[in-house]
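Topology and contacts: notes
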There are 2 protein chains.
Amino acid sequence: MGSTCVRIAIDAMGGDHAPNEIVAGALRAREELGVEVLLVGDPQQIESKLPPKTNLAHVEIVTAEEAIAMDEEPLSAIRRKPKASINVAMDLVKKQQADAVVSAGHSGAAMAAALLRLGRLPGIDRPAIGAVFPTMVAGKPVLVLDVGANVDCRPKFLEQFAVMGSIYSQYVLGTPEPKVGLLNIGEEDCKGNDAAVRAHQLLKEKTQITFIGNAEGRDVLSGHFDVIVCDGFVGNVLLKFAEAVGEIMLQIMREELPQGVRGQIGTAILKPNLRRIKQRVDHAEHGGALLLGVGGICIISHGSSQAPSIFNAIRMAKEAVNNQVLQRIQSQYQSVQQESG
Amino acid sequence: MGSTCVRIAIDAMGGDHAPNEIVAGALRAREELGVEVLLVGDPQQIESKLPPKTNLAHVEIVTAEEAIAMDEEPLSAIRRKPKASINVAMDLVKKQQADAVVSAGHSGAAMAAALLRLGRLPGIDRPAIGAVFPTMVAGKPVLVLDVGANVDCRPKFLEQFAVMGSIYSQYVLGTPEPKVGLLNIGEEDCKGNDAAVRAHQLLKEKTQITFIGNAEGRDVLSGHFDVIVCDGFVGNVLLKFAEAVGEIMLQIMREELPQGVRGQIGTAILKPNLRRIKQRVDHAEHGGALLLGVGGICIISHGSSQAPSIFNAIRMAKEAVNNQVLQRIQSQYQSVQQESG
């Protein structure tokens with residue numbers, strides 16, 4: 001395990017473009033990132049998507065007889081279908097045959113499978129889904145969590161998100177001393193609903209993180225914060241809004257820029273610059289969300305993921321494994337527990 | 001009153017650029033929209049901002065001896081300073097000497113002043129702040145409420161927001177049959193926290209509005225919804241995020257487009273097209289937020305408002321007065337009350 005050759009279990013049946021795009025992204029990651037990929041799902045379907053002369057070194061197909069559809073109720077589906085691809089992928093991590101899971105399938109199902117198969121880390125009440133947003137400072141992303149696992153959050157949960165998020169930001173995103181913010185409706189300590197006021201107080205007292213105060217909606221992408229904690233309701237709304245807004249901006253540009261003769265000429269000349277803008281804005285460039293607080297590295301990609309997103313998600317998984325995120329959360333969280341307990 | 005000459009009381013002392021930009025926006029509105037403006041504040045300061053040969057027809061200066069600073073606690077400041085410009089402006093509406101109030105000052109203070117001076121409309125538990133967002137469909141805005149007045153919302157409040165928002169959308173924004181959505185984290189009826197599930201049920205049963213279901217973050221700007229209701233916490237985060245995102249997109253374009261020789265040439269050629277993009281994205285083009293559920297028309301502009309925003313806010317106020325929004329909410333809300341009671 002570790003830096004020799006990271007093994008990633010990939011839910012080949014999950015997502016709108018499964019298995020085609022999932023397999024394509026996995027093969028590219030195997031090639032370019034030097035990881036070993038375990039494609040979990042229906043062998044016939046997966047094999048039919050492999051290009052004719054695929055070199056099968058570092059590719060393994062693991063049979064899973066079922067899959068979970070996007071419209072199934074996650075918890076009952078996970079229980080009813082033990083042989084579903086996402087369950088089989090989680091089991092590979094549990095049995096230490098893989099180091100991480102990547103899935104673009106039903107995110108609720110992935111969360112449920114992770115909880116049931118891998119369990120929570122000791123000291124963590126609720127796992128959180130973290131999403132990495134690009135900010136207006138190029139190369140300086142912000143990690144927002146929770147973006148959908150917990151619709152109601154007690155202040156204590158937000159405090160745990162802050163600890164886990166800081167570790168991820170420091171060891172995977174490479175932020176020396178991650179600045180943590182609490183998503184809120186004003187800068188002042190007393191702002192927000194009751195849960196926000198109490199969470200602010202808890203975060204302020206937490207010496208293991210660098211809490212710099214409330215972050216308003218306008219601050220999320222400013223680059224001043226490295227980690228922003230919030231409940232899964234507002235985080236989910238924000239994530240989906242942000243993803244859509246990037247697409248909308250690109251569409252407005254596509255509509256307005258080529259208008260008129262000048263527009264057509266100018267747009268043709270600017271093609272490479274426009275491509276750079278797309279890269280900075282497009283959420284597909286930024287991989288997937290990560291599940292923090294469960295006993296394994298799990299990356300949950302967008303349901304609409306195509307090969308580039310899967311590739312980026314696998315890259316994230318590899319980074320998390322190589323940088324021992326799990327072990328660091330575990331040990332640091334345990335020390336946090338001891339100090340605060 | 002009414003369509004003869006609408007009289008707008010303007011808090012000349014409120015906002016980061018008061019009184020200069022406020023006065024400038026008001027004078028332009030007087031000129032171009034044919035409204036009468038009552039500039040409320042320190043007469044000396046206001047007069048010094050009037051251009052030398054200002055025609056003083058349809059401009060009145062109303063003395064207010066105090067002002068409320070952005071960092072004051074709103075409710076106590078409103079009570080402690082009865083002669084503050086925002087209080088005096090509200091009183092003008094109460095005494096029917098003005099038809100509406102526009103303020104770019106402390107939004108909490110404007111809300112408190114409206115509540116204390118004008119009161120709530122009968123049948124409304126909590127007034128809401130509504131904000132008009134542009135959508136990806138040009139010319140088809142969406143009204144989101146509440147964006148900050150109520151950090152915790154009972155399902156009943158959300159139902160009232162839906163009724164008020166539908167009326168505003170229909171009679172001011174000109175939507176024939178406004179489609180209402182509930183901001184939530186999934187499309188299914190059962191999604192979200194407890195408050196969201198119960199609000200969904202209430203909205204579904206409400207025959208006076210056209211409720212089409214949950215709106216996810218990605219749907220806010222899609223143009224499929226005309227009115228979206230949410231609690232003031234998530235609404236405020238979303239509003240501030242959306243405002244910032246527009247600015248960030250424009251900045252990324254300013255950074256990336258002119259890079260290199262091709263970039264400089266292409267950007268120069270595209271100048272008019274880029275201006276159109278700015279207009280579609282910039283929140284200053286879209287006026288202010290409106291306070292729905294109090295006994296008067298109140299438009300709350302952004303604290304950073306400059307003359308164009310103030311002009312647009314005054315235009316919104318004029319539309320709301322001419323289209324009898326207040327009377328329609330009152331009468332329709334009373335009929336709603338009777339039917340449901």
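Chains are numbered independently. Their residues run from 1 in the order of the written sequence. A letter from A marks each chain and a number from 1 marks each ligand, given out in the order of writing. Where totals are concerned, whole chains, interfaces and linings use all residues; where local detail is concerned, this predicted model gives features only for residues with pLDDT of at least 70, and gives and counts side-chain atom pairs only at 80 or more. Water and hydrogen atoms were dropped before computing side-chain values, which therefore reflect all heavy atoms in the structure.

Considerations on the sheet that holds strand 1 (residues 7-11) of chain B
Residue and element names in this part refer to chain B. A pair of strands is labelled paired if DSSP reports no fewer than 2 bridges between them. The numbering of helices and of strands both runs from the N terminus, where a helix is a DSSP run of H or I of at least 4 residues and a strand a run of E of at least 2. Ordered by their spatial adjacency, 11 strands build an open sheet running 3-2-1-4-11-10-5-6-9-7-8, and the pairing between neighbours is mixed. This sheet does not close on itself; its edge strands, each paired only once, are strand 3 (59-63) and strand 8 (210-215). The mean inter-strand angle of the sheet, taken between neighbouring strand axes irrespective of direction, is 25 degrees. Summarising the sheet, strand 6 (residues 142-145) and strand 9 (residues 227-229) pair through three bridges and their orientation is parallel. Residue Leu-145 lies in a different strand from strand 9, and its bridge partner there is Val-229. Lines fitted to C-alpha atoms define the axes here, with helix axes fitted over just the stretch in contact, and angles between the N-to-C directions of these axes take values from 0 to 180 degrees.

As for the packing of helix 10 (residues 271-281) of chain A against helix 8 (residues 232-256) of chain B
Running from amino to carboxyl end, helix 10 of chain A crosses helix 8 of chain B at an angle of 145 degrees, the nearest separation of the two axes being 10 Å. The way helix 10 of chain A lies across helix 8 of chain B gives a crossing that is right-handed. Along its contact with helix 10 of chain A, which presents Asn-273, Arg-276, Ile-277, Arg-280 and Val-281 of chain A, the element helix 8 of chain B presents Met-249, Ile-252, Met-253, Glu-255 and Glu-256 of chain B. Per-class residue counts for the contact of helix 10 of chain A with helix 8 of chain B are five nonpolar, one polar and four charged. The hand of a helix crossing depends on one turn: near helix anticlockwise from the far one by less than a right angle means left-handed, and clockwise means right-handed. Throughout, a residue-residue contact means that at least one pair of heavy atoms, one from each residue, lies within 4.5 Å. Amino acids outside the nonpolar list (Ala, Val, Leu, Ile, Met, Phe, Trp, Tyr, Cys, Pro) and the charged list (Asp, Glu, Lys, Arg) are all regarded as polar, and Gly is one of them.

Some points on the sheet that holds strand 10 (residues 289-292) of chain A
Hydrogen bonding along the main chain pairs the strands of a sheet, whether they run parallel or antiparallel. All names here are of chain A. Spatially, 3-2-1-4-11-10-5-6-9-7-8 is the arrangement adopted by the 11 strands of the open sheet, whose pairing is mixed. The strands lining the two open edges of the sheet, one partner per strand, are strand 3 (59-63) and strand 8 (210-215). Across this sheet, the average inter-strand angle for adjacent strands is 25 degrees, counted without regard to direction. Strand direction decides the pairing type here: strand 7 (residues 179-183) and strand 9 (residues 227-229), joined by three bridges, are parallel. Paired with Gly-181 across the bridge in strand 9 is Ile-228. Along the sheet, helix 1 (residues 20-33) makes contact with strand 1 (7-11), strand 2 (36-41) and strand 3, crossing strand 2 at roughly 165 degrees.

Overview of the domain arrangement of chain A
Residue and element names in this part refer to chain A. For each domain, the first and last residues come from an automatic or database assignment. Segmenting chain A into domains produces domain 1 (7-124 + 293-310) and domain 2 (132-288). Computed over C-alpha atoms only, the centres of domain 1 and domain 2 are separated by 26 Å. If you look at the interface, domain 1 gives 10 residues, while domain 2 gives eight residues. Summing the contributions of domain 1 and of domain 2, the shared interface buries around 690 Å²; its carbon and sulfur component is 61%. Among the residues of domain 1 in contact with domain 2, Ile-124, His-302 and Ser-309 are the three that bury the most area, contributing 54% of the side total. A carboxyl oxygen of Asp or Glu within 4 Å of a side-chain nitrogen of Lys or Arg is what we treat as a salt bridge. Between the two partners, domain 1 and domain 2, sit zero salt bridges. The term buried area means the drop in 1.4 Å probe accessible area that two parts suffer when joined, counted for both and summed.

A few points about helix 4 (residues 85-94) of chain A
Residues and elements named next belong to chain A. Burial of helix 4 is extensive: nine of the 10 residues sit out of reach of the surface. The buried label goes to any residue with under 20% of its type's maximum accessible area, the exposed label to any with over 50%, and the partly exposed label to all in between, with areas taken from a 1.4 Å probe on protein chains only. Listed in full, the buried residues belonging to helix 4 are Ser-85, Ile-86, Asn-87, Val-88, Ala-89, Met-90, Asp-91, Leu-92 and Val-93. Gln-96 sits one or two positions beyond helix 4 and adopts a positive phi of about 60 degrees.

Some points on the interface of chain B and chain A
With 53 residues of chain B at the interface, the matching set in chain A holds 53 residues. Together chain B and chain A conceal approximately 5000 Å² of surface at their shared face, both sides included; 71% is due to carbon and sulfur atoms. Where chain B packs against chain A, one counts four salt bridges. Arg-276 of chain A serves as the salt-bridge partner of Glu-256 of chain B, at 2.7 Å between the closest nitrogen and oxygen. Counting of polar contacts relies on pairs of N or O atoms within 3.5 Å, with two restrictions inside protein: one atom must be capable of donating a hydrogen and the other of accepting it, and residues adjacent in sequence are counted only when both atoms are side-chain atoms. Inspection of the region where chain B meets chain A yields 16 residue pairs in polar contact (both at pLDDT 80 or more). Mapped by element, the contributors of at least two residues to the side of chain B that touches chain A are helix 7 (194-205), helix 8, helix 9 (260-269) and helix 10 (271-281) of chain B. Ranked by the residues each element gives to the side of chain B that touches chain A, the list is headed by helix 8 of chain B, at 18 residues. Of the residues assigned to the side of chain B that touches chain A, the class counts are 30 nonpolar, 13 polar and 10 charged.

Some thoughts on the nonpolar core
Side-chain atoms within 4.5 Å link the members of a nonpolar core, which is a set of buried Ala, Val, Leu, Ile, Met, Phe, Trp, Tyr and Cys residues. Ranked by size, the top nonpolar core spans 124 residues in total, and within it Phe-133, Val-220 and Phe-241 of chain A together with Phe-133, Val-220 and Phe-241 of chain B carry the most contacts. Excluding residues within four positions of it along the chain, Phe-133 of chain A makes contact with Pro-141, Val-142, Val-144, Val-220, Leu-221, Leu-238, Leu-239 and Ala-242 of chain A together with Phe-241 of chain B.

Here we look at the relation of the copies chain B and chain A
We place the copies in one frame by least squares, fitting the C-alpha atoms of every residue whose pLDDT is at least 70 in both. Once chain B has been moved 0.1 Å along the axis and rotated by 180 degrees, it coincides with chain A to within an RMSD of 0.1 Å. Taken together, the turn and the small shift mark the pair as related by a two-fold rotation axis. For chain B, the residue whose C-alpha comes nearest the rotation axis is Gly-266 of chain B, separated from it by 2.2 Å. Looking at chain B, 100% of its interface residues are interface residues in chain A too, so the copies touch through the same face.

A closer look at the pairing of strand 4 (residues 100-103) of chain B
All names here are of chain B. Alternating positions in strand 4 separate into two faces, Ala-100 and Val-102 on one and Val-101 and Ser-103 on the other, with burial throughout. Relative to strand 4, strand 1 runs parallel, the two sharing four bridges. Pairing of Asp-11 across the sheet is with Ser-103, part of strand 4. The sheet contact formed by strand 4 and strand 11 (residues 297-300) spans four bridges and is parallel. If you follow Val-101 over to strand 11, its bridge partner there is Cys-298.

Quick notes on the pattern of salt bridges
With the rule as written, the count across this model stands at 30 salt bridges over all chains. The partner of Glu-60 of chain A in a salt bridge is Arg-7 of chain A, with the nearest N and O atoms 3.9 Å apart. Taken together, the residues Glu-60 of chain A in strand 3 and Arg-7 of chain A in strand 1 connect sequence positions 53 residues apart. A residue is classified by how much of its surface remains accessible, and Arg-7 of chain A, at 24% relative accessible area, is partly exposed. With its nearest N and O atoms 2.8 Å apart, the salt bridge here joins Lys-140 of chain B to Asp-226 of chain B. Pair noted here: Lys-140 of chain B is in the loop between strand 5 (128-133) and strand 6 and Asp-226 of chain B is in the loop between strand 8 and strand 9, with a separation of 86 residues, a long-range link.

Some words on the pairing of strand 10 of chain A
Residues and elements named next belong to chain A. The two faces of strand 10 match: Ala-289 and Leu-291 on one face and Leu-290 and Leu-292 on the other face are all buried. Examined bridge by bridge, strand 5 (residues 128-133) and strand 10 share three bridges and lie antiparallel to one another. Residue pairing in the sheet places Gly-130 in a bridge with Leu-290 of strand 10. What sits between the antiparallel neighbours strand 10 and strand 11 (residues 297-300) is a turn of four residues, in which Gly-293 has the positive phi angle 110 degrees.

So, the packing of aromatic side chains
Planes of paired rings set the category: under 30 degrees apart is stacked, over 60 is edge-to-face and the rest tilted, where pairs are Phe, Tyr or Trp rings (Trp by its six-membered ring) whose centres lie within 6.5 Å. Under the counting rule described, the total for this entry stands at one aromatic pair over all chains. Arranged with centres 6.1 Å apart and planes meeting at 70 degrees, the rings of Phe-241 of chain A and Phe-241 of chain B form a pair that is edge-to-face. Of the two residues, Phe-241 of chain A sits in helix 8 (residues 232-256) while Phe-241 of chain B sits in helix 8, which places them in two different chains. We note that Phe-241 of chain A, like Phe-241 of chain B, is buried. A ring is considered to have a charge above it if a Lys NZ or an Arg CZ atom is located within 6 Å of its centre and within 35 degrees of its normal. The side chain of Arg-28 of chain A reaches across the aromatic face of Phe-311 of chain A, ending 3.6 Å from its centre. The cationic tip of Arg-328 of chain B hangs over the ring face of Tyr-171 of chain B; the distance from NZ or CZ to the ring centre is 3.9 Å.

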